[in-house]
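Coordinates in review
Listed below, chain by chain, are the residues.
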Amino acid sequence: MHRSMCRVQSGPFVYYTCRRLPVRHAFTTKYGGVSTGHCESLNLGFSRGDEEASVRENYRRLAEALGVDEKRFTLTRQIHETEVSVVGEEQVGMGLHRPMAWRSDAIVTALPDTPLCGFYADCVVTLLYDPATHTAGVAHAGWRGMAGGILPKTVEVMVARLGARRESLIAVLGPSIRQECFETDADVPEAMERLLGVAVRPYIREKGAKFHVDLQGIGVKLLRDAGLAPENVIDSGLCTMCHSDEFWSHRATRGVRGVQGGVICL
Ligand SMILES: [Zn+2]
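Below is a short write-up of the structure. (Residues numbered from 1 in each chain as written. Predicted model: local features only at pLDDT ≥ 70, side-chain atom pairs only at ≥ 80, totals over all residues. Heavy atoms only, no water.)

1. Overview of the overall build of the protein
The line we're drawing: Here a helix means four or more residues in a row that DSSP labels H or I, a strand means two or more in a row labelled E, and each is numbered from the N terminus. Here the globule rule is a power law, 2.2 Å times the number of residues to the power 0.38, and the radius of gyration is based on C-alpha atoms. Relative accessibility decides the category of a residue: with a 1.4 Å probe and only protein chains considered, values under 20% of the type maximum give buried, values over 50% give exposed, and everything between is partly exposed.
For the protein, the helix and strand inventory stands at 6 helices and 15 strands. Relative to the globule expectation of 18 Å for 266 residues, the C-alpha radius of gyration of the protein, 17 Å, shows essentially globular dimensions. Referenced to the eigenvectors of the C-alpha coordinate spread, the extents of the protein come out at roughly 45 × 45 × 35 Å. For the protein, with 266 residues in total, the buried portion stands at 59%.

2. Side note on the coordination of the zinc ion
Let me state the cut-off plainly: A donor here means an N, O or S atom no more than 2.8 Å from the metal, or no more than 3.2 Å when the metal is Na, K or Ca. Since water is not included, a site may seem to lack partners.
Distances from the zinc ion to its protein donors, Cys181 (SG), Cys239 (SG) and Cys242 (SG), fall at 2.2 Å. Binding-site remark: the zinc ion is held by donors from one chain whose sequence spacing is C-x57-C-x2-C. With relative accessibility at 45%, the residue cysteine 242 sits in the partly exposed group.

3. Observations regarding the packing of aromatic side chains
For any two aromatic rings, the description comes down to two numbers: the centre-to-centre distance and the angle of the planes. Under the convention used in this document: Stacked, edge-to-face and tilted are the three classes for Phe, Tyr and Trp ring pairs, Trp counted by its six-membered ring, which pair at centre distances within 6.5 Å; planes under 30 degrees apart are stacked, over 60 edge-to-face, the rest tilted.
Counted under the stated rule, the structure contains 6 aromatic pairs. Considering the side-chain rings of phenylalanine 27 and tyrosine 120, the 6.4 Å spacing of their centres and the 75° angle between planes classify their relative orientation as edge-to-face. Placement of the pair is phenylalanine 27 in strand 3 (residues 24–28) and tyrosine 120 in strand 7 (residues 116–120), with a sequence separation of 93 residues. Like phenylalanine 27, the residue tyrosine 120 is buried in the burial classification. Ring pairs connect the aromatic residues Tyr16, Phe27, Tyr120 and Phe247, which therefore count as one cluster.

4. Considering the sheet that holds strand 12 (residues 204–207)
Put simply, the test is: For two strands to be treated as a pair, DSSP must find no fewer than two bridges joining them. Two residues form a contact once any of their heavy atoms are found within 4.5 Å. Here the axes come from fitting lines to C-alpha atoms, over the contacting stretch only for helices, and the angles between their N-to-C directions go from 0 to 180 degrees.
The 3 strands are arranged 11-13-12 in an open sheet whose pairing can be described as antiparallel. Sheet topology places strand 11 (183–184) and strand 12 at the edges, where each strand pairs with a single neighbour. Sheet strands touched by helix 4 (residues 187–196): strand 11, strand 12 and strand 13 (210–213). Its angle to strand 13, the strand with the most contacts, is close to 50°.

5. Considerations on the pattern of salt bridges
The test is simple: Here, a salt bridge means any Lys or Arg side-chain nitrogen found within 4 Å of an Asp or Glu carboxyl oxygen.
Counted by the stated rule, this structure contains 13 salt bridges. Its salt-bridge partner being arginine 24, residue aspartate 113 comes within 2.9 Å of it at the nearest N-O pair. Taken together, the positions of aspartate 113 in the loop between strand 6 (106–109) and strand 7 and arginine 24 in strand 3 put the pair 89 residues apart, joining distant regions of the chain. Classification of aspartate 113 by relative accessible area gives partly exposed; the value is 38%. Judged by its relative accessible area of 30%, arginine 24 falls in the partly exposed class. Salt bridges sharing partners connect three or more residues here, namely Glu57, Arg60, Arg61 and Glu64.

6. Remarks on the pairing of strand 15 (residues 260–265)
Of all 6 residues that make up strand 15, 6 are buried, and the element is covered over most of its length. Burial of strand 15 is two-sided: the residues Gln260, Gly262 and Ile264 facing one way and the residues Gly261, Val263 and Cys265 facing the other way are all buried. Pairing between strand 3 and strand 15: 4 bridges, direction antiparallel. The residue bridging arginine 24 from the neighbouring strand is cysteine 265, located in strand 15. For strand 7 and strand 15, the ladder comprises 5 bridges, and the chain directions are antiparallel. Bridging across to strand 15, leucine 116 finds its partner in isoleucine 264.

7. Quick look at helix 5 (residues 215–225)
For helix 5, the tally of buried residues reaches 8 of 11 residues, placing the bulk of the element in the interior. Positive phi appears at glycine 227, one or two residues downstream of helix 5, with a value of about 105°.

8. With respect to the sheet that holds strand 3
Overall, mixed pairing links the 6 strands, which are arranged 1-2-3-15-7-4 in an open sheet. Only two strands of the sheet have a single neighbouring strand rather than two, namely strand 1 (5–10) and strand 4 (74–75). Where helix 1 (residues 52–66) meets the sheet, it contacts strand 2 (13–18), strand 3, strand 4, strand 7 and strand 15, and its direction lies at approximately 50° from that of strand 2.

9. Thoughts on the nonpolar core
Note the cut-off: Only buried Ala, Val, Leu, Ile, Met, Phe, Trp, Tyr and Cys residues count toward a nonpolar core, and they belong to the same one when joined by side-chain atoms within 4.5 Å.
By size, the foremost hydrophobic cluster in this structure holds 39 residues, and its most contacted members are Met146, Met192, Val213, Leu215 and Leu223. With 6 residues, the top contributor of residues to this core is helix 3 (residues 150–162). Ignoring anything within four residues of it in the chain, the contact list for leucine 215 reads Val124, Trp143, Met146, Phe182 and Met192. Counting 26 residues, the second-largest nonpolar core is a separate cluster that includes Trp102, Tyr120, Ala136 and Phe247.

10. Quick word on the environment of isoleucine 234
Here isoleucine 234 shows up in strand 14 (residues 233–235). Under the relative-accessibility criterion, isoleucine 234 is labelled buried at 1%. Sequence separation of isoleucine 234 and histidine 2 is 232 residues, and the distance between their C-alpha atoms is 7.6 Å. Non-local contacts of isoleucine 234, meaning those with residues more than four positions away in its chain, are made with His2, Ser4, Cys18, Arg20, Ile170, Ala171, Val172 and Leu173.

As C-alpha cells, then:
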C-alpha cells in the first residue's frame, strides 16, 4: 500500500482514503452496509442481484459516514468506453435519484457538495482533484478504458471545461487487480499495444502462454504524459484480488459479487 493511503475503520464501516486528497473521499470495501448474501454488506450496485432497498440504504449510510449529501450522489455509467461528462446542477443525482442519461465511465465537476461515484471490483477507479481550481473527477477503467486513454481524456476535460491546472492536479488510482493477479491471453496486450504503441511493453510480462498486465503502471505513465507532476500521481498499491477478504474481486468471485465505490466530493 502506498504510504499516503489510510485504512479507516469507523464502527462497521471500512474504507480507504489518501492523505494527498484534502476533500471528502473514499474507496469503499465490502464492509459497512446492510446487503446480504453474495452482496454482503456494502454493495453500491443496482444491477448485482441485490435488493434495491438495501442498496439505497447503503448509499444513505455511506453518505452519513463521509458527511456528504445523499441526495446529490451522482454516478458513472460504466460501459468500458472513454466518454467523460461534466456534472452541472441539472445532472446532480443521476443514477440514484434521477434516471441515468449518460454513458460515461468518467464524470467531473466544479460543483461543491456533489459526491461523484465510480465503481470497481478489480477495475481501476481513479479519483482526481485540483486544489488550485477546486475541481474533481472520478474515472473508471478496465483494460479497455485504460488502453482507450480514459485517464488523459479525463484530465483534458477537466482542463478544457473546468479550468483545472495540470501542474496542481492530483490523481489517486484506487484498489484494483494488479499485475501479479491480472492474467490474460494475448488479446489484451495486443489490443493495448495497438492503441498505446510499444511504450506499454515494459508493463506487460509474459508467463508461459499467458500475460500479466500492469494496468496501474500504464495509468500512472499516461497521467504523467498528460502533464501531471510525478509526485501528484499516486498508485494506492492495493490489489483487490489479493485482498478479496476485504474487497470484492470480479475474478476471485467469478462475478458473483457486489461492487465498491470510489467517491470524491468537493
Ligand atoms: Zn493480487
